[in-house]
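# Examination of the molecular architecture
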Amino acid sequence: MNSDSPIIEIRNLSRRYGKLDAVNGLSLSVRPGKCYGFFGRNGAGKTTTIKCLLNLLRPDSGEVRMFGLDPRRDEVAVKARLSYVPDLVAFYPWMSVQDTLAYLASFRKNWNTGIEADLLARFHLDPKQKASHLSKGQRTQLALIGAICPEPELLVLDEPTSGLDPIVRREFIETVIGAYQSSDPGRRTVFVSTHLISEFEGLIDEFTIIDQGRNLLTMEADAARDQFRKIRARFAEVPEGLDLSAALKVKQNGREMEILANGNSEQLLAKLTSHSPEELRCEALSLEEIFVASDLLPKAAA
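Now for a quick tour of the structure. (Residues numbered from 1 in each chain as written. Predicted model: local features only at pLDDT ≥ 70, side-chain atom pairs only at ≥ 80, totals over all residues. Heavy atoms only, no water.)

### Section: the side chain of Ser-96
One can find Ser-96 in the loop between strand S5 (82-85) and helix H3 (97-105). At 3.0 Å, the side chain of Ser-96 forms a polar contact with the backbone nitrogen of Asp-99. Ignoring sequence-local partners within four residues, the contact set of Ser-96 consists of Pro-127, Lys-128, Gln-129, Lys-130 and Ala-131. (Helix = DSSP H or I, 4+ residues; strand = E, 2+ residues; numbered from the N terminus. Polar contact = N/O pair within 3.5 Å; in protein donor to acceptor, adjacent residues only side chain to side chain. Contact = heavy atoms within 4.5 Å.)

Encoded structure:
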C-alpha cells in the first residue's frame, strides 16, 4: 500500500433497512496520519457506515476499502491493523479488568504493557475488579485501553467518550489520543464519530457531516474555519435598506446583528461598514458551530 493511499475509502455506499435509506450514496476518503471527524445527528447513518466499514453489515451497493483492502475478503488482515470502540461496549462479566485485557492482548501481535499500566492508573481502574461490576463509564475506559494498547494504525471510534465524566473525557481526548497520534506521526489515523465536537476541536484535521445518509459537507478543518464566519455588528440606530440576503443566517435584536457568512464574509462586512456601525467584529466559527450551521446548507435531492 502506497503511503499516500487512503486508509479509508468509501465510494457511493448505500445501506437500507427495509424502506429506510440509512446510508445513501455516501463517499469519503481518509488520509493516513489524520484525525477525521464524522459528524451527524442521531439517525444520520454514522454507525451504519462504520459497521459497513468493519464488515459487521453488508452494503446494499457501493464500495469500501480499508488500507486498500476489501474488508469482506480480507477481514482478518484489515482488523489486525485497527482498533474499534463502539458506542455500546460489553465484556465477559466473569472476567476481571486484568483478565479482559489479557484476553484482548492474546489476539494481538503487539501489546504495549507500559501504556496499559499508565492508562489503568490514569483511569483509576482496579485490575482485579470484575467486568460485571463496572459502571458504563468504566466499561468505556476499559474498551479504550484495549483499543490503544495494540498501537494500531487506525482507531475507529463511535462515540468513544460516552459515559465518561468531563475531566476523564478531556484527558482522554487531549492526552491519550494526542499521544497515540504523535508517537508515530503520519502513520496513526483516527476516525471518530462523536456528538462532542467541541472537545475534539484541536485534534480534527478534516471532517464529513452527513444528513439522512448523504454527504452534506466535507472539508479540512482549517479551511472550514476560514469559510464559515460569524459577524457581529451594532449600530447607533436600526439600519434601513441593508441587504444581507447573501448571508447564511441573520439574527437581529434591535440595533445589534449577528450574521453567519459562508465564504462571503468580506462582501458582507463591506455592506455593514457602509452603514457606519458603532462596532463590527468578525470571527471564525468553531467546528461545533459549523456543524450547527450546516443545517442551513442546501440538502441533497432525495
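From this point, things continue past the structure.
### Notes on the packing of helix H4 (residues 113-123) against helix H5 (residues 136-148)
Each pair of packed helices can be summarised by the angle the axes make with each other and by the distance between the axes. Here H4 crosses H5 at 160°, and the two axes come no closer than 10 Å. One finds that H4 runs roughly antiparallel with respect to H5. By crossing handedness, the relation of H4 to H5 is classed as right-handed. Of the residues in H5, those in contact with Ile-115, Glu-116, Leu-119, Leu-120 and Phe-123 of H4 are Gln-141, Ile-145 and Ile-148. Partitioning the contact of H4 with H5 into residue classes produces six nonpolar, one polar and one charged. (Axes fitted to C-alpha atoms, helices over the stretch in contact; angles between N-to-C directions. Parallel < 35°, antiparallel > 145°, perpendicular 65-115°, else oblique. Left-handed = near helix turned anticlockwise from the far one by under 90°. Nonpolar A, V, L, I, M, F, W, Y, C, P; charged D, E, K, R; others polar.)

### Re H3
Every buried residue belonging to H3 is among Val-97, Thr-100, Leu-101 and Ala-105, and all of these are buried. Along H3, the residues classed as buried sweep out an arc of 135° about the axis, all on the same side. Residues of H3 that are buried make contact with H4 and H5. (Buried < 20%, exposed > 50% of the residue type's maximum accessible area, 1.4 Å probe, protein only. Arc of directions from axis to C-beta.)

### Some details on the packing of aromatic side chains
Inspection of every chain in the model, using the stated rule, returns six aromatic pairs. Ring centres of Tyr-92 and Tyr-103 lie 5.7 Å apart, and the angle between their planes is 75°; on these two criteria the pair is classed as edge-to-face. Of this pair, Tyr-92 sits in the loop between S5 and H3 while Tyr-103 sits in helix H3; the two residues are 11 residues apart in sequence, bridging distant segments of the chain. Residue classification places Tyr-92 among the partly exposed positions, given a relative accessible area of 38%. Through successive ring pairs, a cluster of aromatic residues spans Tyr-92, Trp-94, Tyr-103 and Phe-107. (Phe/Tyr/Trp six-rings, centres within 6.5 Å; stacked < 30°, edge-to-face > 60°.)

### Structural notes on unusual backbone geometry
Despite not being glycine, Phe-67 shows a phi value in the positive range, around 60°. Here Phe-67 lies in the loop between strand S4 (61-66) and helix H2 (75-79). Given a relative accessible area of 2%, Phe-67 falls into the buried group. For Glu-159, which is not a glycine, the phi torsion comes out positive at approximately 50°.

### Focus: the pattern of salt bridges
Scanning the model with the defined rule gives 25 salt bridges in all. In this structure, Arg-31 and Glu-206 form a salt bridge, with 3.1 Å as the shortest nitrogen-oxygen distance. Placement of the pair is Arg-31 in the loop between strand S2 (20-30) and strand S3 (35-39) and Glu-206 in strand S8 (residues 206-211), with a sequence separation of 175 residues. Between Glu-199 and Arg-169 there is a salt bridge, and its shortest N-O distance comes to 2.9 Å. Here the residue Glu-199 occupies a position in the loop between strand S7 (189-193) and S8, and Arg-169 occupies one in helix H6 (residues 166-182), the gap between them amounting to 30 residues. Each of the salt bridges in this network shares a partner with another, and the network as a whole consists of Glu-9, Arg-11, Glu-63, Arg-65, Asp-70 and Arg-73. (Salt bridge = Lys/Arg side-chain N within 4 Å of Asp/Glu carboxyl O.)

### Notes on the packing of H4 against H6
Relative to each other, H4 and H6 sit at 155°, their axes nearing to 11 Å. As the angle between them shows, H4 and H6 are arranged roughly antiparallel. Considering only the axes of H4 and H6, their crossing is right-handed. Across from Leu-119, Arg-122 and Phe-123 in H4, the residues of H6 making contact are Val-168, Glu-171, Phe-172, Thr-175 and Val-176.

### Structural notes on the environment of Ile-50
Summarising the element assignment, Ile-50 is placed in helix H1 (residues 46-53). Here Ile-50 falls in the buried class, since its relative accessible area comes to 0%. Each C-alpha atom of the pair Ile-50 and Arg-281 lies 40 Å from the other, and the pair is 231 residues apart in sequence. For Ile-50, the contacting residues outside a window of four places in its chain are Tyr-84, Val-156, Asp-158, Phe-191 and Ser-193.

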